[in-house]
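Summary of structural features
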Amino acid sequence: MSEDDETRGITRRSFLTGTGITVAAAGILKTTEALAESVKGGAAVGPGAVPVSLKVNGSVHQLSLEPSTTLADALRFSIGLTGTKVVCDRGSCSACTVHLDGTPVCSCMTLAVDVGARAVTTIEGLARGDKLTPIQEQFIANDAMQCGFCTPGMVMSCAALLARNNKPSLDEVKTAVSGNLCRCGTYPKVFAAAMAASGQKLPRGSDVVTHAAELHFESKAERPADEPPPWPVNSKLKIVGKSHPRLDGRLKVTGKARYTADVRLPGMLFARRVVSPHPHARVKSIDLSAAERLPGVKAVMIVGRGEGAKLRNPPKVADKFPLVLYAGQAVAAVAATSQSIADEAARLVKVEYERLPFVVELDDARRDGAPLVYPGAVDMGGSAGGGGAQKGLAQKGNVRGPSKRDKGDVDAGLKAAELSVDGEFKTQVQTHSALETHGVVADWREDGLTVYASSQGTTSVRDEFATVFDLPKSKVRIITEFMGGGFGAKFGAGSFGILAAQLSKKAGAPVRLMLDRKEEHLCVGNRPSTVQTVKIGAKKDGSLTGIVVTSWGNSGIATGGGVGWMGTSLYACDNTRSEQYDVFTHTGAAAAFRAPGQPQGAFALEQLMDELAEKIGMDPLALRDKLDAGPGVPGPGGNDEATRAARKAERQIGAERFGWSKRRPAGADGGPKKRGIGMAQSMWGRFVDLDASCEVRLHRDGSIEIMSSVQDIGTGTRTALAMVVAEELGVRVEDVAVKIGDTQYPAGPSSGGSKTLLGITAPARVAAWRIKEQLYKAVGEQARSMPLKKAAAKMTTEHLSAQASRSPDYGGDPHGGYGGVQFAEVVVDVETGVVKVERMVAVHDCGRVLNPLAVQSQINGGILHGISYALYEERHMDRATGRMVNANLDQYKIAGAKETPEIEVVLIDQYIGRNATDIHGIGEPANIPTAAAIANAVYNAIGVRVRELPMNPPALLAALGKVNRVKEAKR
Amino acid sequence: MKSFEWTNAASLDEAIAQLGTGVMVKAGGVDLLDRLKEGLESPRRLVNLRGIGGLDNIRSSTGDDGDLVLGPLTTLAAIEAHAGVRKRFGALAEACAHAATPQIRNMATIGGNLVQRPRCWYFRSADFNCRKKGGEVCFALEGENQYHAIVANKVCAIVHPSSVSTALVAYGATVKLKGKAGERVVPLEQFFVLPDKDPRRENQLGADELITEVRLPAPAKGTGAAYHKQTEKESFDWPLADVAVVLELDGRTCKRASIILGAAAPVPWRAKSSEAILGGRAVDEHAAEAAANAAVQGATPLAKNAYKLPIVRAIVRRTILAAAGGAA
């Protein structure tokens, strides 16, 4: 949109709020003919807005658009059909799929002016009124969605397939969605949905959930008097423990679920940041004048806050502008009446940089004399988790630490060993790559700040805004209705969020600032790359005498590049030492990422445990059985009695289902394609978030609502809360209205550390129980035998309200761990170096299983993340310029439909009786062992250990000795 | 994306007449939009070819067994799905079926596919002023070159982005070009040019020319062909290496071999030594292996892409055997 728009009679406001003049169906035919004419020949039009007619979902819209407007943007911003999502904006992910005359295309790579007479069908146009199409119904029934951001594109791809092929094979389904990326790992359920919609079932595996065992460790500790007694086992409950489709599934498969990227407020401006192309630079000057002069620009500002850790001894005189510490750091920002004006204005900002020496790879940064990220010692709260973030640690050059964890006498332990195994392991940087980029719509007003945020912690985001702007929490409201994936990187306000609020304040209008895909890779976190050495000493009978873990993690400009606590806690050993160092580089801050540190730690530890088993001559499962028979590891995330019992059951069940007994010696296959199997274990801590509150209301008409600020990161939080409340109150799940994702409700937990359900389901049940008690008190004890609705009708007030907060686990600390065992079958092509995962069996415990369907989705997701991490994903940094070269979604490679193995999920119910529900999260434990299990399977296939990730052709062919890789300092 | 003028050309001549500085044509628009969004180019005018009728035909020049003639706006999806193409030009159908994503194959045209710009990540980023954009440096030579060329890579190390052209060149395809001065027919193999001549271009299409036809000669009797694209992922991915093999066979004996490597060089690369080894020989494991080994002899891999050599050897051997096995 250019400055000409006003003169052409189209106000910017009308552009923003949708200029579409919808023509009634009767007029369609004639208009369509006119459209067909308009495609042919004719004079040049534009630049500047030109009339464009689009026939969308049966209605014709007369729009006024720049010729450069994509169909996706026209649909989303001019017509207001925001079900079509833009993710990569380059045709690599198919999230923006629409049908043109029935053919699926990428609307982000189609110009609106080029659509002509072709009929556009969007996700909103599939259903006939309230009647969903079979594929939409099956997406809901099979839970083929988590965060839901890829769902419209997935549905559109499947719908197009089914329209031309009413009995597709599984392979045809996979091909049809082979261009659709999902970051939550819903592929297996998309397959199931597409097959079911055509009256077929998956061959086997993927749609099975089994409760194989029930383990009871009921706590003898007393519970508070104002909490109900523990529920009985699931088989005695009506709702909990039985699969239930998502309550918001319908919104997700119709494109009506509203994400931050879809929010449009009256007068809303669009923002863009000006980012440094240099990884380390001093800003000499910034000239905003050209940007300010551009018509449509409403606010321009210079970034005043630096990023990264805090120097313990900051310089007395600060630079005029914050120092640039990585390529992609923002130095200025603009807000304008359209995104294209904002983009243009950002290009017009002139910044003069003094370039400084930099270092972007882990090994380079560790060297003496490497360019320094920080001139002195720094501190910072760990942004990446996984250790290494304590205050006051030593710092030499770019290396900070170690963060230590010591037990017993490791040197004596190793000396006492009869044999030992050791190795150096390397893992790569993985970017979160949530499909919805980080972003906010910030609305600064006299009476307070409202921020729509793509966030996994509404409360933590609110707290940061309140702190930064010195506002009382009561004047900051965060709304996260739906969010398109976070995986650990969306807890904070973000420097971009702060900028949006500042721009909003300056412009006096709401400001939308969504990062683009490139910024998403650079600026908002990643899983740090690591180098770790691990040594394990043991006796010939397999008992462990000592474990030493030393690691270095590329934490960018932040801290927390550790490798977790797998090495010191998964197996009992009296003598352990863990020393973990952060290494600073001129790259974006590392951040928590789905079980921070643990997949890295498991990759090393579980490979070495297999090596140890082989050296001793034991089966890998037998060695683990032996180790778990001994005393456990106490403490948070430790290997307590309940955990070890669960793990043992999981190994047995998994081995049986997987066919472990058929395991052959390493490298047994002849020919170029070699098959192998392997396993690895997972452990995660039972992290209880006591800051987890909710309110349940019972109205006189018997209707029920539950409210909490807790958000849904893809877990299915709405459904989970409704199930718990419905169970307690004896009503249907659909009868419970769930209101979440808004800080005006009681503070819920952040969705990190797999704490969401472990935090919020217990108070949800307690609040529901309290409502009942209040009701009986209010209307009389005889009401206990009445249906709830009948009793409620006797209430003298309009509603009753009960709040509850998470109480500490009965019996208090220590909280143990929980986890699972995963088995992988791979085929390795030793001539091309390509590894393919064909089958996974995942046996997990997560306390009391609430909704098997949803748990299965989470475990599929953890496995898909793990496969993607193990084999494909890698950030490539150009060492000469310090820039990431694959900040996109085609060369940054994420596992797709055809990388999805057959996954069998087996769940174990574990009742530990330490809170009102016993329900745990599963997001993280499901991701921890996958890469390690694949690595062990690769070894079993080829007889060679691959000690680096990703295990891609360059790594495999090097490990096989088929290519001499030039010695290079990677990562 | 900067704004531009838009015209719908009514005919090829009308489109050609408009070509000039600051004017770009749009067919499927996939690669073009990618570059415009990145800001690599900002044309004054786009000339839309999609409104011109009759440019998306697939036909045989005579009867059912003539040359295969593809209109320049034929989509990759249409080629992939065409029964005649699948039967007689299986390697081409395979190459189309493995290009990009299903959505992109529905949009991308064969003409656009041949003139798309390289996927080199340095070229694709506005942050790098590389040789291809008139700069002085090929950043890939000393930088991140995992996916770059292993031969003819001294000046600019791109690999040609069209995996479809790997198959087309193997079949001996020609392209018809039309410009203000008239028409000419060029073998596709000569259409592409190496960076030594001019690093700023990948082909010899004139500034006022358009591709108006792609033609594949009818295969000789006894022709066997196969195509393989080796990727890391089977879902949408760029090739680490791809190869098309077209063999003219007399029983098991190879009369003539055409072996083209993709993702190996800045142009589709003819493995001449491999072809020579197969010529006149019975195609068996040994011959295939000898030909495969010859395919990468003399290669000059960069610091991070030597791993491509064993991959090329493996897929050339396998694809030769597949072509021989599938001979009609």
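For clarity, every value in this text was computed on a predicted model and none was experimentally measured.

Adjacent strands of a sheet pair through backbone hydrogen bonds, lying either parallel or antiparallel. Residues and elements named next belong to chain B. Strand order in the open sheet formed by three strands is E1-E3-E2, with parallel pairing between adjacent strands. The open sheet has two free edges, formed respectively by strand E1 (5–8) and strand E2 (23–26), since each of these has just one partner strand. For this sheet, the mean angle separating the axes of adjacent strands, direction not counted, is 25°. Note: E1 against strand E3 (residues 45–48), four bridges, orientation parallel. Counterpart to Trp6 in the pairing with E3 is Leu46.

Domain boundaries in chain B define domain 1 (1–52) and domain 2 (223–325). Distance from the C-alpha centre of domain 1 of chain B to the C-alpha centre of domain 2 of chain B: 36 Å.

As a further point, take the sheet that holds strand E17 (residues 419–427) of chain A. Residue and element names in this part refer to chain A. Read from one edge to the other, the open sheet built from six strands follows the order E15-E16-E26-E25-E24-E17, with strand pairing classed as mixed. In this open sheet, the two edge strands, each paired with only one partner strand, are strand E15 (395–396) and E17. Across nine bridges, the pairing between E17 and strand E24 (residues 530–538) is antiparallel. The partner of Gly423 across the bridge, within E24, is Val534.

This part covers unusual backbone geometry. Residues and elements named next belong to chain A. Between Gly46 and the following residue, Pro47, the backbone shows a cis peptide bond with an omega angle of -5°. Within the secondary structure, Pro47 sits in the loop between helix H2 (28–39) and strand E2 (50–56). Here Gly401 and Pro402 are connected by a cis peptide whose omega angle stands at 10°. Positionally, Pro402 belongs in strand E16 (residues 399–407). Phi is positive for Ser94, close to 60°, though the residue is something other than glycine. Within the secondary structure, Ser94 is located in the loop between helix H3 (71–79) and strand E4 (97–100). Here Ser94 falls in the buried class, since its relative accessible area comes to 1%.

What counts and what doesn't
- Residues numbered from 1 in each chain as written.
- Chains lettered and ligands numbered in written order.
- Predicted model: local features only at pLDDT ≥ 70, side-chain atom pairs only at ≥ 80, totals over all residues.
- Heavy atoms only, no water.
- Pairing = 2+ DSSP bridges.
- Helix = DSSP H or I, 4+ residues; strand = E, 2+ residues; numbered from the N terminus.
- Axes fitted to C-alpha atoms, helices over the stretch in contact; angles between N-to-C directions.
- Domains from an automatic or database assignment.
- Buried < 20%, exposed > 50% of the residue type's maximum accessible area, 1.4 Å probe, protein only.

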